[in-house]
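# Structural overview
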Amino acid sequence: MRAALRWLALAFGLLAACAQARPVTDAHGTVVEVPVRPQRVVVLSEFDLDALLALGLRPVATTSGRGQVGVPRYLEKAAAGIPVIGSFGSPVLDQLLSAQPDLILAGGVPDPGLLAQLRKVAPTVVSFKPGEDWKLALRRVATVIDRQPVADAVLARAAERSAAARTRLGPQAESTVSVVRWNPQGPAYMLADSFASRVLADLRLARPSAQREPGAGHSPPLSLEALDRIDGDWLFIGTLSATGQARSALDAARRSAAFGQLQAVRRNHAVIVDGSLWTGLGGPLAAMAVIDDIERAMAPVPQ
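Attention in this report is confined to the structure presented alongside it. Please read all numbers here as calculations on a predicted model, not as lab measurements.

### Regarding the pattern of salt bridges
For the structure shown, the criterion picks out 17 salt bridges. Among the salt bridges present, the one from Asp193 reaches Arg198, with a minimum N-O distance of 3.7 Å. On the basis of relative accessibility, which here comes to 28%, the residue Asp193 falls in the partly exposed class. You can call Arg198 partly exposed: its relative accessible area is 21%. We note a salt bridge from Arg247 to Asp251, for which the minimum N-O separation is 3.4 Å. In this pair, Arg247 and Asp251 are both assigned in helix α8 (residues 245–254), four residues apart and thus about one turn of the helix distant. Each of Asp133, Lys135, Asp193, Arg198 and Asp202 takes part in a single network of salt bridges with overlapping partners.

Structure representation (structure tokens):
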């Protein structure tokens, strides 16, 4: 098996070498020679899948969303039929080889050893660094696959959508908005450089003071005694998986007295959302879906 894999990697490498290529610079500052118009792209993160679909190029394989068995739930329809070849940071090598990629997008992959392995298979581009604005990362991906005008149009639509949504929110546009991922160990709020936080910033929605801390991920899990740190005028809560321990822990917490005392809960402003969308690594499709959720929850009902 190992000999066969080495042979396949060599074959794909020779094919790539014969194709016309051009240099691009990835998120780590590494210059990578990529095909002029790649056709068989494998994506290894939720963002890469989102971005490629938004730019009109369907990948030949992807990895599962974090904490999930398949692609993120918000992409299930758009990504239907795309083979899943492992989890984030852990693609199954023989399945990756079988996909015959001419380009690999490995956004957020921190392991130099894995990147070295991937680059033996096909040109591999790290599309983003943790905490980087998704809009900047989208432009990088568009440059790599030579679809910059499409990215310009996608970003223009996103900006228009944000502006229109803020107008529709009316007085609620001045609210503070808390975003929380519920884990089996308890709730963790998303930090200021996370994906959803950047979408909220584009809408000019304020965050509770604790959630203005810099960082791309989330806080450590909080105890029920510290629930005041997740409170706000509005509270959006999600779990990575729709079922399992985290969802059971959330359901149990919602029955507790401490949860019922939250300002957002008392005002009926606590909203259960898709955590794979709100607390993952999204791109333009995710940004639009988050804005849809915000409008449905927060925009005043026309009289």
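### Examining the nonpolar core
Within the largest apolar cluster, 57 residues are counted, with the highest numbers of intra-cluster contacts made by Leu105, Trp134, Phe236, Trp278 and Ile294. The element contributing the most residues to this core is helix α12 (residues 284–298), with seven residues. Setting aside its immediate chain neighbours within four residues, Trp278 contacts Val179, Ala196, Phe236, Val273, Val290, Asp293 and Ile294. Counting residues in each nonpolar core, the second largest holds 19 residues, with Leu44, Ala99, Ala106 and Val109 among its members.

### Concerning the packing of helix α2 (residues 46–54) against α12
Between α2 and α12, whose axes approach to 7 Å, the crossing angle comes to 90°. Comparing the axis directions of α2 and α12 gives the class roughly perpendicular. From α2, Asp50, Ala51, Leu53 and Ala54 reach across to α12, where they touch Pro284, Leu285 and Ala286. Partitioning the contact of α2 with α12 into residue classes produces six nonpolar, no polar and one charged.

### A word on the layout of surface pockets
Considered as a void within the structure, the largest pocket measures approximately 380 Å³ in volume. Taken together, 26 residues make up the lining of the largest pocket; nearest its centre are Arg66, Phe128, Ala216, Gly280 and Leu281. Only α2, α5 (134–144) and α7 (195–202) provide two or more residues apiece to the lining of the largest pocket.

Conventions adopted
- Residues numbered from 1 in each chain as written.
- Predicted model: local features only at pLDDT ≥ 70, side-chain atom pairs only at ≥ 80, totals over all residues.
- Heavy atoms only, no water.
- Salt bridge = Lys/Arg side-chain N within 4 Å of Asp/Glu carboxyl O.
- Buried < 20%, exposed > 50% of the residue type's maximum accessible area, 1.4 Å probe, protein only.
- Helix = DSSP H or I, 4+ residues; strand = E, 2+ residues; numbered from the N terminus.
- Core = buried A, V, L, I, M, F, W, Y, C linked by side-chain atoms within 4.5 Å.
- Contact = heavy atoms within 4.5 Å.
- Axes fitted to C-alpha atoms, helices over the stretch in contact; angles between N-to-C directions.
- Parallel < 35°, antiparallel > 145°, perpendicular 65-115°, else oblique.
- Nonpolar A, V, L, I, M, F, W, Y, C, P; charged D, E, K, R; others polar.
- 1 Å grid on protein atoms, 1.4 Å probe; cavity = no way out; pocket = protein on both sides within 12 Å on 5 of 7 lines; lining within 4 Å.
- Points joined across faces, edges and corners; volume = space filled by probe spheres on them.

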